[in-house]
Amino acid sequence: MGSITLEQVRKNFGDVEVIPGVDLEINDGEFVVFVGPSGCGKSTLLRLIAGLEDVTSGRIVIDGQDMTQAAPARRKLAMVFQSYALYPHMSVRKNIAFPLKMAGMAAEEQERRVQHAAGILNLTDYLDRRPGQLSGGQRQRVAIGRAIVREPSAFLFDEPLSNLDAALRVNMRVEISELHKKLATTMVYVTHDQVEAMTMADKIVVLRAGHIEQVGSPLELYRSPRNRFVAGFIGSPNMNFLEGAAAAGLGAHAIGVRPEHFAMSTTEGAFSGTVGVAEHLGSDTFLHVDLDDGTHVVARAAGEVPVHHGDRIHLTPQEGRVYRFDQQGLAL
Ligand SMILES: Nc1ncnc2c1ncn2[C@@H]1O[C@H](COP(=O)(O)OP(=O)(O)O)[C@@H](O)[C@H]1O
Ligand SMILES: [Mg+2]
């Protein structure tokens, strides 16, 4: 249970086509992340799957059944939003049990499910508290608990960590990944943050302007981006692009080199330039380099490198780590 198939799913808002026709296969038990810049249609696509928006055309099949016209409740999916929208005057227990109460479930079964979810989420000791007495991370877990008790065939998350501070986001990322391992239920997760996508996904769907640019595992996208957009979007810091002579020499319109794939030398290399900002983090050194042809690139070395602002530096891409792109931005 928990497979979702989109066939030529289109969505217009009035005259504006937001999703121009998407085909996608989500397998049972998969952790699928929709990632792309703000406004590219991630939430819309998730809401179409949930049934919170009607498709303009196309088909949505859930567990082999055509659910295109089905009301949200019939789809057996549970959505977790960025704003967790807990009821402040209700206890954690009542917040988690709320959808079950609304469905008229027997009180003992409600309590059994709440206890089960609380156990998974480490909320057992907090069931009698109100949301106001919880930390941000705990509140987000209550919202997830409310989804778990419904025993959905898939979870849909829309940027659930955006309201949390950076450190908490990292923790919650791991928690949600662990939750996926425990529940082994399909999860579809929307984020604009490619690091979240890379760290959590079995399968990443990269979206741009409603189009799927590429679908693949994190490392497939990292290693073999199909075009310049995916190449630039996946990986942090971003891939560097060089045009002009450097690219022409390799028979391409542009070449791409990731910061971690430059070898640095103070004496010689394929590209020469001057160090602007040097970021010494201890674990890594990031050099912002102005190459002699005017291109700005970032190079990363592991550990400490004694190079500073104003130094001359020479960069050579590692063997087999140069990406080539044509004029349209397609990978060659
Ligand atoms: N209800 C709506 N009416 C009109 N336009 C909408 C509506 N919802 C979303 N849009 C538009 O659809 C596009 C995609 O939005 P959205 O799916 O929210 O993007 P994302 O979640 O990737 O940031 C945006 O241009 C947005 O303005
Ligand atoms: Mg959104």
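Residues numbered from 1 in each chain as written. Chains lettered and ligands numbered in written order. Predicted model: local features only at pLDDT ≥ 70, side-chain atom pairs only at ≥ 80, totals over all residues. Heavy atoms only, no water.

**Some words on unusual backbone geometry**
Stated formally: Strands here mean DSSP runs of E at least two residues long; helices mean DSSP runs of H or I at least four residues long; both are numbered from the N terminus.
With omega at -5°, the peptide bond leading from Ser 236 into Pro 237 counts as cis. Structurally, the position occupied by Pro 237 is in the loop between helix 8 (228-233) and strand 11 (240-243). Not every positive phi belongs to a glycine, and Ala 184 is a case in point at roughly 50°. Within the secondary structure, Ala 184 sits in the loop between helix 5 (166-183) and strand 8 (186-191).

**Side note on the packing of helix 2 (residues 92-102) against helix 3 (residues 107-120)**
Applied cut-off: For helices, the fitted line uses only the C-alpha atoms of the stretch in contact; every axis is such a line through C-alpha atoms, and the angle between N-to-C directions lies from 0 to 180 degrees. Angle categories: roughly parallel below 35 degrees, roughly antiparallel above 145, roughly perpendicular from 65 to 115, and oblique for all the rest. Left-handed is the label given to a crossing in which the near helix is rotated counterclockwise from the far helix by less than a right angle, and right-handed is the label when the rotation is clockwise. Whether two residues touch is decided by their heavy atoms; if any such pair falls within 4.5 Å, the residues are in contact. The classification used treats Ala, Val, Leu, Ile, Met, Phe, Trp, Tyr, Cys and Pro as nonpolar, Asp, Glu, Lys and Arg as charged, and all other residues, Gly among them, as polar.
At a minimum axis separation of 10 Å, helix 2 and helix 3 run at an interaxial angle of 130°. If you check the angle between helix 2 and helix 3, you find them oblique. By crossing handedness, the relation of helix 2 to helix 3 is classed as right-handed. Contacts from Arg 93, Ile 96, Ala 97, Leu 100 and Lys 101 of helix 2 reach helix 3 at Gln 110, Glu 111, Arg 113, Val 114 and Gln 115. Its residues assigned to classes, the contact of helix 2 with helix 3 comprises four nonpolar, two polar and four charged.

**With respect to the side chain of Lys 203**
Here is the rule we go by: When a residue's accessible area, from a 1.4 Å probe over protein chains only, is under 20% of the maximum for its type it is buried; when over 50% it is exposed; and in between it is partly exposed. Think of a polar contact as two N or O atoms within 3.5 Å of one another; within protein, one of them needs to be a possible hydrogen donor and the other a possible acceptor, and neighboring residues in sequence only count if both atoms come from side chains.
With respect to the helices and strands, the residue Lys 203 is situated in strand 9 (residues 203-208). Using a relative accessible area of 13% as the deciding quantity, one classes Lys 203 as buried. Here the side chain of Lys 203 touches Glu 30 through a polar contact of 3.2 Å, side chain to side chain. When near neighbours in sequence (up to four residues on either side) are disregarded, Lys 203 contacts Glu 25, Ile 26, Asn 27, Glu 30, Phe 31, Val 32, Val 33, Val 215 and Gly 216.

**Some remarks on the nonpolar core**
Operational definition: Each nonpolar core is a collection of buried residues, namely Ala, Val, Leu, Ile, Met, Phe, Trp, Tyr and Cys, held together in the definition by side-chain atoms within 4.5 Å.
Among the nonpolar cores identified, the biggest contains 45 residues, and Ile 96, Ile 144, Phe 157, Ile 176, Tyr 189 and Val 206 are the most heavily contacted of them. Take this core: its biggest share by element is five residues, from helix 4 (residues 136-148). Dropping the residues within four chain positions of it, Ile 144 is found in contact with Val 80, Leu 121, Phe 157, Met 172, Ile 176 and Leu 179. Core analysis: the second largest hydrophobic core is formed by 29 residues, Ile 4, Val 9, Val 18 and Val 32 among them.

**Quick look at the site of ligand 1**
Convention followed: If a single non-hydrogen atom of a residue is within 4 Å of a molecule or strand, that residue counts as near it. Throughout, the Shrake-Rupley method with a 1.4 Å probe supplies accessible areas, and for residues the shown protein chains are the sole cover considered.
Surveying the vicinity of ligand 1 reveals the residues Phe 13, Val 18, Pro 37, Ser 38, Gly 39, Cys 40, Gly 41, Lys 42, Ser 43 and Thr 44. At a separation of 3.2 Å, an oxygen atom of ligand 1 approaches a polar backbone atom of Cys 40. In the environment of ligand 1, an oxygen atom lies 2.9 Å from a nitrogen or oxygen atom belonging to the side chain of Lys 42. For ligand 1, the protein covers 55% of the area, taking 560 Å² as the surface of the free molecule. In terms of residue class, the shell around ligand 1 is made up of four nonpolar, five polar and one charged.

**Some words on the packing of aromatic side chains**
This is how it is decided: By convention, a stacked pair of Phe, Tyr or Trp rings (six-membered ring in the case of Trp) has centres within 6.5 Å and planes under 30 degrees apart, an edge-to-face pair has planes over 60 apart, and any other such pair is tilted.
Within the structure shown, the criterion is met by six aromatic pairs. Relative to Tyr 189, the ring of Phe 157 lies with its centre 5.7 Å away and its plane at 45°, an arrangement referred to as tilted. Within this pair, whereas Phe 157 is found in strand 7 (residues 154-158), its partner Tyr 189 is found in strand 8, the two being separated by 32 residues in sequence. Of the two residues, Phe 157 and Tyr 189, neither departs from the other in class, the shared state being buried. Ring geometry for Phe 241 versus Phe 325: centroids 5.7 Å apart, planes at 65°, classification edge-to-face.

**A few points about the sheet that holds strand 18 (residues 323-325)**
For clarity, the threshold we go by: At least two DSSP bridges between two strands are required for those strands to pair.
Strand order across the open sheet formed by three strands is 11-12-18, with antiparallel pairing between neighbours. Lying at the two open borders of the sheet, with one neighbouring strand each, are strand 11 and strand 18. This sheet shows a mean twist of 25° between the axes of neighbouring strands, independent of strand direction. Examined bridge by bridge, strand 12 (residues 254-257) and strand 18 share three bridges and lie antiparallel to one another. Paired with Gly 256 across the bridge in strand 18 is Tyr 323.

**What about the domain arrangement of the chain?**
Applicable threshold: Domain start and stop points were drawn from an automatic or database domain assignment. Defined in terms of a 1.4 Å probe, buried area is the accessible area two parts forfeit on being brought together, summed over both. By salt bridge we mean one thing: a side-chain nitrogen of Lys or Arg within 4 Å of a carboxyl oxygen of Asp or Glu.
Taken domain by domain, the chain comprises domain 1 (4-227) and domain 2 (237-325). One C-alpha centre belongs to domain 1, the other to domain 2, and the line joining them spans 38 Å. In total, domain 1 and domain 2 occlude about 420 Å² of area from one another, counting both sides; carbon and sulfur atoms represent 51% of this. It is Tyr 222, Arg 223 and Pro 225 that lose the most area in domain 1 upon contact with domain 2, and together they represent 85% of the buried surface on that side. Connecting domain 1 to domain 2 are zero salt bridges. Inspection of the region where domain 1 meets domain 2 yields four residue pairs in polar contact (both at pLDDT 80 or more). In the side of domain 1 that touches domain 2, the residues fall into three nonpolar, one polar and one charged.

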